[in-house]
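Summary of structural features
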Amino acid sequence: MKITVVGSGYVGLVSGTCFAEMGNHVTCVDINENKIAKLKKGIIPIYEPGLSNMVEKNVANGNLHFSTSLKDSLQDTKIVFIAVGTPMGDDGSADLQYVLGVAKEIGQLITHDIIIVDKSTVPVGTADKVKTTIQSELDKRALKLSFHVVSNPEFLKEGDAINDFMKPDRVVIGAESDDAFELMRQLYHPFTMSYDRIIEMDVRSAEMTKYAANAMLATKISFMNEIANICEKVGADVNQVRLGIGSDKRIGYHFIYPGSGYGGSCFPKDVKALKRTAEEYEYDAQLIRAVEKVNDNQKLVIANKIVRRFGEDLSEKVFGLWGLAFKPGTDDMREAPAIYVVKELAKRGAKIVAYDPKAMEEAKSFYLKEVNGVSYVDSKYEVLPKSDALILLTEWKEFRSPDFDEIKKQLNNPIIFDGRNQYGAFNLEEKGFEYYQIGKQ
């Protein structure tokens, strides 16, 4: 099947590449000429395990192409996916200018019947706006073409996106016509051959499903962090509490790890957008507001512990930092707890020596570019010399079982602030460490 994917960012590139892997003829389109030029040379703009090799293979076999021309790419295309960004607006809502801009261009360019799929995460009612935009452009051209707008939200975890796409838990398809459903079934059939994971529904329900899923996961994270903070007050061990409640099959162990809050491109933006959607319909989403507030506070818990331990004036202090990305397996630093912790310490005069396996360039070039006193090293143990404490904020595998004797030897003080509760089982106090974690004094 011939497919066009508009937008070669995270969702668009992963989706287009995986469709190509199943034998489809895919063209990924982007207006960023530099990005497309790099993709044609095999330079991938994001870090995602397995993606680079899959792109290289499908470009070589002729299944995957990159272009800046939507007009050329639409020729004979059966399905065009809109996978452009929906950045958060000033009021917390999803900014649809890029989605609707693509819809307008599609309306100006299409010459045959086609299916348009919203792959971007968009608010309820966006498909109606896309449909109206395209129809308006067709009316201007006095063309009568049949097209259908489908909602097909993505459920990709950064760091495991290839596996998520190739072996999906579910494929949600929202459409208004049997023809659209049938074509989408054909497209996803190779991904769902072992058992049927396609869930068909109306368009608005599909749009809502994506926001509801992310809000639910964010709620579990904030709930567990709230419990952790209560545990710290009453003298309970949140790690033991987690085991106690996770054994209940109705609750489960997923997303109930206490930590420094959620970040990334999805949860913060989608929670805000859902809250904003509720406001537009005059509903006070109290739980969603609370989830967001708890998370905002949680990002500062480790910084607050450091200030309580060392005092407000940190001008003579140096901190080694392990982890900048919002989670392991990605270079994404959007809304990462590290941003907030580093800024809180730096504004008090502290120096930070940081290491992350993948996200240091993101920090240097954008997220921490303007922050004074931050330096970067090439390996994890290089953050230790002259540091007054070690801070863990991203649970990369290489940080999970370190040499604590080496850490103790190199630090000025044997102090660890664990923002991901990774080291509780190592009995660090018995090894002579001061050990601070989430949810435990």
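Before reading further, recall that the structure is shown in the block above.
This is a predicted model, so every value here is computed, not measured.

**A look at the pattern of salt bridges**
- Scanning the model with the defined rule gives 27 salt bridges in all.
- Measuring nitrogen to oxygen at the nearest pair gives 3.3 Å for the salt bridge that ties arginine 276 to glutamate 279. Pair noted here: arginine 276 and glutamate 279 are both in helix H11 (residues 267-280), with a separation of three residues, about one helical turn.
- For arginine 276, a relative accessible area of 25% translates into the label partly exposed.
- The residue arginine 348 makes a salt bridge to glutamate 344 at a minimum N-O spacing of 3.0 Å. Each member of the pair, arginine 348 together with glutamate 344, is buried.
- Counted as one network, the salt bridges with shared partners bring together Asp91, Arg276, Glu279 and Glu280.

**Here's the deal with helix H6 (residues 126-140)**
- The end-to-end C-alpha distance of H6 is 21 Å, a good match for the 21 Å that 15 residues give at a rise of 1.5 Å each.
- Looking only at H6, the buried set comprises Thr126, Ala127, Val130, Thr133, Ile134, Glu137 and Leu138. The arc enclosing the buried residues of H6, seen along the axis, measures out at 135 degrees, which places them on a common side. Counted as exposed and oriented over 90 degrees from the buried face of H6: Thr132, Asp139 and Lys140.
- Looking at the residues trailing H6, positive phi occurs at alanine 142, about 55 degrees.

**Details of the sheet that holds strand S14 (residues 434-437)**
- Read from one edge to the other, the open sheet built from six strands follows the order S11-S10-S9-S12-S13-S14, with strand pairing classed as parallel. Every interior strand has two partners, whereas the edge strands, strand S11 (374-376) and S14, have only one. The mean angle between the axes of side-by-side strands here comes to 20 degrees, regardless of whether they run parallel or antiparallel.
- Together, strand S9 (318-322), strand S10 (351-355), S11 and strand S12 (389-392) form the strand contacts of helix H14 (residues 337-346), whose direction differs from that of S10 by roughly 155 degrees.

**Some thoughts on the side chain of serine 67**
- With respect to the element layout, serine 67 can be found in strand S3 (residues 64-67).
- Polar side-chain contacts of serine 67 include one of 2.9 Å to the backbone nitrogen of serine 69.
- In contact with serine 67, not counting residues within four places along its chain, are Thr27, Cys28, Val29, Asp30, Ile36 and Ser73.

**Overview of unusual backbone geometry**
- The phi torsion at asparagine 421 lies on the positive side, around 50 degrees, for a residue other than glycine.
- Among the secondary structure elements, asparagine 421 is positioned in the loop between strand S13 (415-418) and S14.
- Accessibility expressed as a relative area gives 12% for asparagine 421, which makes it buried.
- Of note, the phi angle at asparagine 427 is positive, near 50 degrees, even though the residue is not glycine.
- Inspection of the secondary structure puts asparagine 427 in the loop between S13 and S14.

The rules behind these values
- Residues numbered from 1 in each chain as written.
- Predicted model: local features only at pLDDT ≥ 70, side-chain atom pairs only at ≥ 80, totals over all residues.
- Heavy atoms only, no water.
- Salt bridge = Lys/Arg side-chain N within 4 Å of Asp/Glu carboxyl O.
- Helix = DSSP H or I, 4+ residues; strand = E, 2+ residues; numbered from the N terminus.
- Buried < 20%, exposed > 50% of the residue type's maximum accessible area, 1.4 Å probe, protein only.
- Expected span 1.5 Å × (residues − 1).
- Arc of directions from axis to C-beta.
- Pairing = 2+ DSSP bridges.
- Axes fitted to C-alpha atoms, helices over the stretch in contact; angles between N-to-C directions.
- Contact = heavy atoms within 4.5 Å.
- Polar contact = N/O pair within 3.5 Å; in protein donor to acceptor, adjacent residues only side chain to side chain.

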